[in-house]
Amino acid sequence: MQDNKVQIFDTTLRDGEQVPGCKLDTKQKLIIAERLDELGVDVIEAGFPISSPGDFASVSEITKVVKNATVCGLTRAVAKDIEVAAEALKYAVKPRIHTGIGTSDSHIKFKFNATRDQVLERAIKSVSYAKSFVDDVEFYAEDAGRTDNAFLAKVCEEVIKAGATVLNIPDTTGYCLPEEYGAKMKYLRENVKGIENVILSCHCHNDLGLATANSISGVINGARQIECTINGIGERAGNTALEEVVMILKQHPYLNLHTDINTKLLYDTSLMVRDKMGMPVQPNKAVVGANAFAHSSGIHQDGVIKNRETYEIMDPEEVGVTESAIVLTARSGRAALAYRAKKIGYELTKIQLDEAYKTFLEFADRQKEVIDEDLHKIMSIVDKVSKIAIV
Ligand code: KIV
Ligand code: ZN
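No experiment lies behind these values; they were computed from the predicted model shown.

> Where do I start with the site of ligand 1 in this structure?
With respect to spatial proximity, the complete set of residues near ligand 1 consists of Arg 14, Asp 15, His 98, Tyr 140, Glu 142, Asn 168, Pro 170, Thr 172, His 203 and His 205. Residue Thr 172 places a side-chain N or O atom 2.6 Å away from an oxygen atom belonging to ligand 1. Taking His 205, its side chain carries an N or O atom lying 3.0 Å from an oxygen atom of ligand 1. When the free accessible area of ligand 1 is taken as 260 Å², the share hidden by the protein chains comes to 92%. Its atoms largely coinciding with the cavity grid, ligand 1 occupies the largest pocket. Those elements that provide at least two residues to the shell around ligand 1 are strand E5 (136–142) and strand E6 (166–171). Split into classes, the residues belonging to the shell around ligand 1 amount to 2 nonpolar, 5 polar and 3 charged.

Set out below in structure tokens:
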């Protein structure tokens with residue numbers, strides 16, 4: 001099944017919402033789910049239905065409003081979890097149960113006080129049981145990043161036989177290096193019977209800042225689904241950021257991999273999730289941060305004013321940001337000052353620009369940023385500045 005489309009599995013409402021302080025009510029979740037559907041995600045992981053009556057209600061309500069995406073509910077490898085998830089998903093046009101169990105020796109020993117064989121048995125049983133409710137069953141091998149590859153391959157082969165349609169290989173602790181995570185996917189592709197009939201999925205956490213790199217390495221090595229969240233929110237250091245992997249695949253067409261995401265909605269969706277979850281986005285966040293398309297040093301500003309591509313590898317409009325920002329600071333040069341002055345209606349001659357620049361530097365040394373209001377003051381003291389029509 002080596003299609004070039006990479007499915008986007010959004011878990012903002014499940015792994016993302018697990019973060020302290022990010023709790024949403026059903027109404028807020030419905031608004032986000034509708035937006036995710038509009039954004040073009042393939043799967044929305046709507047919640048963990050057995051975890052609370054509120055989460056059950058949210059998953060159930062989300063199934064009623066989502067028009068295109070598959071709606072997925074998480075479970076442990078526990079019969080009751082699976083029954084409750086199936087009930088919550090009963091109105092979904094395309095329901096998926098996401099069940100699984102820890103497969104690393106650490107999880108087997110410390111979480112379950114069990115043996116590999118016992119965990120394998122539970123994995124098979126949970127997939128078969130989930131399959132009795134829905135056709136689409138995704139299995140997660142929790143802590144697959146630290147699971148012995150031979151055992152992981154065995155688990156994968158058996159759950160495929162039990163009916164799994166998607167195999168999620170989570171780097172739950174964000175431990176893997178990109179080469180290692182990619183090699184794991186390759187190993188599974190080469191050593192698991194039946195793997196060509198299922199989709200391999202990347203689910204990476206960002207503990208070492210490698211979630212995005214690992215997910216991309218995963219798809220280069222044959223995975224065809226990435227599990228991610230808007231703004232990369234999630235447990236501890238977060239999950240893979242949806243906007244990052246989507247734009248990486250878009251900006252590197254030679255990889256010959258694509259998603260169905262409407263990238264023009266990325267920035268607005270990021271703001272929506274930020275506001276609803278009350279979780280600020282760091283200004284230097286890739287793709288959607290406030291500074292992602294802002295230029296403040298003179299050399300960069302001069303380049304961008306001459307041609308945006310000198311310092312930008314993406315067109316901001318592609319992700320829904322109206323334009324690149326030329327931020328005026330003490331590091332800015334004359335080109336930036338003239339550019340910003342023109343934007344608010346002042347056409348400067350060379351002599352006027354020299355004069356304005358001196359005053360500008362005094363402002364800039366006093367404050368972090370020179371804003372339009374300051375520019376008007378600066379222009380008012382420059383000799384005979386002409387106002388032009390602003391286009
Ligand atoms: O990180 C993880 O392993 C998970 C699973 C429950 C899929 O979130
Ligand atoms: Zn996770």
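The discussion continues.
> Would you take a moment to explain the domain arrangement of the protein for this structure?
Interfaces are frequently sized by the accessible area removed from exposure as the parts join. Assigned domains within the protein: domain 1 (7–277) and domain 2 (294–386). The gap between the C-alpha centroids of domain 1 and domain 2 is 45 Å. Facing 7 residues of domain 1, the contacting portion of domain 2 comprises 7 residues. Both faces combined, the contact of domain 1 with domain 2 buries some 610 Å², and carbon together with sulfur accounts for 57% of it. Of all residues in domain 1, Gln 251, Lys 264 and Tyr 267 bury the most surface against domain 2, accounting for 63% of the area lost on that side. Taken together, domain 1 and domain 2 are joined by 1 salt bridge. Put simply, Glu 318 and Lys 250 hold a salt bridge, and the shortest N to O gap is 2.6 Å. On inspection of domain 1 and its partner domain 2, the count reaches 5 residue pairs in polar contact (both at pLDDT 80 or more). Put simply, the parts of the chain that give the side of domain 1 that touches domain 2 at least two residues each are helix H9 (242–251) and helix H10 (266–277). Sorting elements by how many residues they give to the side of domain 1 that touches domain 2 places H9 first, with 3 residues. Of the residues that constitute the side of domain 1 that touches domain 2, the class distribution is 3 nonpolar, 2 polar and 2 charged.

> Would you mind going over the nonpolar core with me for this structure?
Note on soluble globular proteins: their nonpolar side chains tend to be buried together. Phe 139, Leu 167 and Ile 169 are the most contacted members of the largest nonpolar core, which totals 85 residues. Considering each element in turn, this core owes the most residues, 7 residues, to helix H6 (residues 149–161). Among the domains, domain 1 (7–277) and domain 2 (294–386) are the pair contributing at least three residues each to this core. Apart from residues lying up to four places away in sequence, Phe 139 is in contact with Thr 99, Gly 100, Ile 101, Ala 123, Val 127, Val 155, Val 159, Ala 164, Val 166, Leu 167 and Asn 168. Counting residues in each nonpolar core, the second largest holds 20 residues, with Ala 341, Tyr 346, Phe 363 and Ala 364 among its members.

> Teacher, can you tell me more about the packing of helix H13 (residues 350–366) against helix H14 (residues 372–380) here?
Geometry of a packed helix pair, given as the angle between the helix axes and the separation of the axes. Two numbers describe how H13 lies on H14: the axes approach to 9 Å, and their chain directions differ by 140°. The angle between H13 and H14 falls in the class oblique. Relative to H14, H13 is oriented so that their crossing is right-handed. Where H13 approaches H14, its residues Ala 356, Thr 359, Phe 360 and Phe 363 are matched on the opposing element by Asp 374, Lys 377, Ile 378 and Met 379.

> What exactly am I supposed to notice about the layout of surface pockets here?
Empty pockets left among the atoms are what a rolling probe the size of a water molecule brings to light. Of the pockets and cavities examined, the largest pocket occupies roughly 410 Å³. The wall of the largest pocket is formed by 23 residues, among which Arg 14, Leu 74, Lys 111, Tyr 140 and Glu 142 lie closest to the centre. Looking at the lining of the largest pocket, the elements with two or more residues in it are strand E4 (95–102), E5 and E6. Counting residues per element, the lining of the largest pocket draws most heavily on E4, which supplies 3 residues. Looking at the lining of the largest pocket, its residues break down into 8 nonpolar, 7 polar and 8 charged. In this structure, the second largest pocket occupies an estimated 340 Å³ of space.

About the criteria used
Residues numbered from 1 in each chain as written. Chains lettered and ligands numbered in written order. Predicted model: local features only at pLDDT ≥ 70, side-chain atom pairs only at ≥ 80, totals over all residues. Heavy atoms only, no water. Near = heavy atom within 4 Å. Polar contact = N/O pair within 3.5 Å; in protein donor to acceptor, adjacent residues only side chain to side chain. Areas by Shrake-Rupley, 256 points an atom, 1.4 Å probe, with all protein chains shown as cover. 1 Å grid on protein atoms, 1.4 Å probe; cavity = no way out; pocket = protein on both sides within 12 Å on 5 of 7 lines; lining within 4 Å. Sits in = over half its atoms within 2 Å of the grid points. Helix = DSSP H or I, 4+ residues; strand = E, 2+ residues; numbered from the N terminus. Nonpolar A, V, L, I, M, F, W, Y, C, P; charged D, E, K, R; others polar. Domains from an automatic or database assignment. Contact = heavy atoms within 4.5 Å. Buried area = accessible area lost by both parts, 1.4 Å probe. Salt bridge = Lys/Arg side-chain N within 4 Å of Asp/Glu carboxyl O. Core = buried A, V, L, I, M, F, W, Y, C linked by side-chain atoms within 4.5 Å. Buried < 20%, exposed > 50% of the residue type's maximum accessible area, 1.4 Å probe, protein only. Axes fitted to C-alpha atoms, helices over the stretch in contact; angles between N-to-C directions. Parallel < 35°, antiparallel > 145°, perpendicular 65-115°, else oblique. Left-handed = near helix turned anticlockwise from the far one by under 90°. Points joined across faces, edges and corners; volume = space filled by probe spheres on them.

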